[in-house]
Amino acid sequence: MVPNCVRWGFVMVFSSLIFLYAFFPLSLGATFLCRRSKRAQNWAMLVSSLIFYAWGEPKHLLLLMGMALASWLCALGVDRGKRPKVWLAAAVVIDLGLIGYFKYAGFLLSIFGAPPAWAANIVLPIGISFYTFQLLTYVVDVYRGEAPAQKSYWNVLLYAALFHQCIAGPIVRYQTVAQELFSDRPRSPEICRGVSRFCGGLAKKVLLANPCGALAETMILSESAAGNAAQLAQNLLRLEETSVLGAWLGLIAYALQIYLDFSAYSDMAIGMGLMVGLHYPENFNYPYLSRSVTEFWRRWHISLGTFFRDYVYIPLGGSRCAAPRAIFNTLAVWLLTGLWHGASWNYVLWGLWSFLFLMLERYLLKPVLKKLPVVSNLYLLLVVCLGWALFRFQNLELVKALLGRLLGVTGGVLADFESVNQLRSNLWLLLTACVACTPLLQGVRRRIDGALPPAGAARQCWNWVFYGLIPVALLLLSTANLVGDSFNPFIYFQF
């Protein structure tokens with residue numbers, strides 16, 4: 001197994017006290033003070049973003065700035081019209097070459113034997129998967145004539161480095177935010193909406209995702225334990241002794257954690273963007289309510305799916321070709337999707353797992369799933385959860401042991417005292433987390449909005465509650481849980 005050399009623990013995560021009560025208020029204050037000049041606002045956001053990124057990995061700030069410089073120069077070369085394909089190829093080679101070195105060198109060398117020490121010690125730059133894709137979309141869109149070439153290097157750097165979404169997405173195409181960032185039209189901050197969205201995401205992360213993650217680590221190993229090769233035998237024994245109920249409880253908690261954690265990050269990024277007048281795209285649409293794997297991947301990590309559709313799948317020919325070629329195009333996308341998440345065989349298998357069911361649905365299961373909505377949702381949840389088992393551990397022996405317990409084929413008991421006790425102790429947490437995976441609360445808010453008159457005391461009272469009282473309450477509850485709590489990861493920082 002190739003070690004995952006990611007030091008994301010040093011990142012100033014959005015749910016850290018220093019970010020909530022020092023960095024972000026100062027950054028927002030600086031942007032507000034410069035509100036009369038969009039140029040000054042952009043400089044304030046750029047300086048804040050560079051400080052934010054350097055907080056986690058100072059030396060890799062030069063890498064981010066260098067990749068932005070290369071993309072800026074290549075886009076200018078494309079725009080001049082002299083050998084545009086050469087400039088596009090140069091951008092692709094530089095960006096993919098650098099991410100290939102930092103993310104995949106050790107994995108590729110391990111295929112041919114033990115990787116050398118220098119490869120094993122490569123540290124993956126934080127957020128490189130996200131800002132690399134953003135820079136690539138910028139150059140490709142300039143080549144396609146869908147976006148103008150940016151004349152200022154600092155503007156390209158700001159686009160790539162915006163701390164709201166630089167570290168873990170959503171992947172924002174240049175043309176999506178270019179007008180709001182760089183046109184002469186003044187931005188219109190939406191403070192109330194932004195604060196509400198941010199605090200909702202923070203609460204989702206701290207009050208739900210973190211406890212679900214702690215439960216998952218209790219039942220099916222912590223990430224630190226699973227990544228320790230020296231205690232592989234001990235970890236295998238622990239998984240083999242886990243009851244079937246305990247394994248499923250841990251996996252369900254992990255499935256809830258990974259959605260709540262990542263969607264919370266996107267909520268906070270979108271909320272911060274609204275506060276400064278930027279509108280980032282939605283990244284999730286309640287994916288666990290899907291009725292097929294195909295639908296699930298339209299709702300999960302939407303910006304990544306859109307990237308692979310527009311820049312890989314369609315250029316390869318998409319589905320408008322012979323069946324063998326369409327299957328190959330889909331396979332290529334899912335191999336790349338798996339590898340994008342990490343340089344390890346478990347991610348490749350996870351991508352192939354999704355590909356397998358996408359093909360089954362396309363050519364066999366689609367008519368059946370349409371007729372049985374409840375069954376189709378249960379089918380989707382089973383497939384996705386078993387896929388998360390592949391996603392959980394990089395060591396394939398641990399994956400095999402976990403799958404064996406989930407399916408009950410490796411002996412052991414169906415339930416024991418620990419698993420039953422953990423289920424009882426965390427039942428309300430799991431139920432609340434499940435509700436947070438649905439649009440139920442959003443539907444209640446919309447019904448209240450629709451029932452109230454557009455103006456008057458009732459509307460003002462409701463706005464005060466929704467945009468004032470509730471966000472403050474969520475912020476205070478989240479802060480209380482963060483004080484003294486060292487368990488506060490962001491899963492997608494490692495990708």
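In this text the structure is predicted, and so the values were computed from the model without any measurement. (Residues numbered from 1 in each chain as written. Predicted model: local features only at pLDDT ≥ 70, side-chain atom pairs only at ≥ 80, totals over all residues. Heavy atoms only, no water.)

Draft legend 1. Just the overall build of the protein, in detail. Assigned secondary structure in the protein consists of 22 helices and 0 strands. Over its C-alpha trace the protein gives a radius of gyration of 23 Å, about what one expects of a compact globule, namely 23 Å for 495 residues. Considering only C-alpha atoms, the protein reaches an extent of 65 × 65 × 50 Å along its principal axes. For the protein, the proportion of its 495 residues judged to be buried stands at 53%. Within the protein, contacts between residues at least 6 apart in sequence are counted, and of these 77% link residues at least 24 apart. As displayed, the protein offers around 22500 Å² of accessible surface, 67% of which is attributable to carbon and sulfur atoms. For the protein, the distance from the average position of its 39 positive side-chain charges to the average position of its 23 negative side-chain charges is 9 Å. (Helix = DSSP H or I, 4+ residues; strand = E, 2+ residues; numbered from the N terminus. Rg over C-alpha atoms; globule rule 2.2 N^0.38 Å. Buried < 20%, exposed > 50% of the residue type's maximum accessible area, 1.4 Å probe, protein only. Contact = heavy atoms within 4.5 Å. Areas by Shrake-Rupley, 256 points an atom, 1.4 Å probe, with all protein chains shown as cover. Lys, Arg positive; Asp, Glu negative; His and termini not counted. Charge placed at Lys NZ, Arg CZ, Asp CG, Glu CD.)

Draft legend 2. View of the confidence of the model for the protein. Predicted confidence across the protein gives a mean pLDDT of 88, with 94% of residues reaching 70 or more. Averaged pLDDT values over the elements of the protein bottom out at 68 in helix 5 (residues 117-120) and peak at 95 in helix 20 (residues 427-436). In the predicted structure, residues 1-9 sits below a pLDDT of 50 and forms 26 contacts with residues beyond four places in sequence or in another chain. (pLDDT = per-residue confidence, 0-100.)

Draft legend 3. Focus on empty space enclosed by the protein. Per the stated rule, a full pass over the model turns up 3 cavities of 30 Å³ or more. What the second largest cavity holds in volume is close to 70 Å³. Elements with a contribution of two residues or more to the lining of the second largest cavity: helix 13 (293-299), helix 16 (345-371) and helix 17 (373-392). (1 Å grid on protein atoms, 1.4 Å probe; cavity = no way out; pocket = protein on both sides within 12 Å on 5 of 7 lines; lining within 4 Å. Points joined across faces, edges and corners; volume = space filled by probe spheres on them.)

Draft legend 4. Molecular detail of the pattern of salt bridges. Enumeration over the complete set of coordinates arrives at 14 salt bridges. The partner of E282 in a salt bridge is R197, and the shortest N-O contact between them spans 2.7 Å. In this pair, E282 is assigned in the loop between helix 12 (244-275) and helix 13 and R197 in helix 9 (residues 191-220), connecting sequence segments 85 residues apart. The class for E282 is partly exposed, based on a relative accessible area of 41%. Residue R197 is classed as partly exposed on the basis of its relative accessible area of 24%. Note that R299 is salt-bridged to E295, the shortest N-O span being 3.0 Å. Taken together, the positions of R299 and E295, both in helix 13 and 4 residues apart, correspond to about one turn of that helix. Three or more residues joined by partner-sharing salt bridges are found here, namely D141, E146, R173, R309 and D310. (Salt bridge = Lys/Arg side-chain N within 4 Å of Asp/Glu carboxyl O.)

Draft legend 5. Examining the packing of helix 9 against helix 12 more closely. Here helix 9 crosses helix 12 at 160°, and the two axes come no closer than 7 Å. By the angle between their axes, helix 9 is roughly antiparallel relative to helix 12. Pair helix 9 / helix 12 crosses with left-handed handedness. Across the contact of helix 9 with helix 12, the residue classes break down as 24 nonpolar, 8 polar and 6 charged. (Axes fitted to C-alpha atoms, helices over the stretch in contact; angles between N-to-C directions. Parallel < 35°, antiparallel > 145°, perpendicular 65-115°, else oblique. Left-handed = near helix turned anticlockwise from the far one by under 90°. Nonpolar A, V, L, I, M, F, W, Y, C, P; charged D, E, K, R; others polar.)

Draft legend 6. Looking closely at the packing of aromatic side chains. Taken as a whole and judged by the stated rule, the model has 46 aromatic pairs. An angle of 15° between the planes, with centres 5.7 Å apart, marks the rings of F19 and F24 as stacked. Exposure remark for F24: the relative accessible area of 9% places this residue in the buried category. Between the aromatic rings of Y101 and F102, the centroid separation amounts to 5.0 Å while the plane-to-plane angle is 80°, which identifies the pairing as edge-to-face. (Phe/Tyr/Trp six-rings, centres within 6.5 Å; stacked < 30°, edge-to-face > 60°.)

Draft legend 7. Representation of the side chain of S27 in the model. Among the structural elements, S27 can be located in helix 1 (residues 17-33). Of the polar contacts made by the side chain of S27, one reaches the side chain of S48; its length is 3.2 Å. Not counting chain neighbours up to four residues away, the residues in contact with S27 comprise S48 and F163. (Polar contact = N/O pair within 3.5 Å; in protein donor to acceptor, adjacent residues only side chain to side chain.)

Draft legend 8. Layout of the environment of L215. Secondary-structure assignment places L215 in helix 9. For the pair L215 and L249, spaced 34 residues apart in the sequence, the C-alpha separation amounts to 8.3 Å. Not counting chain neighbours up to four residues away, the residues in contact with L215 comprise L249, A253, Q422, N426 and L430.

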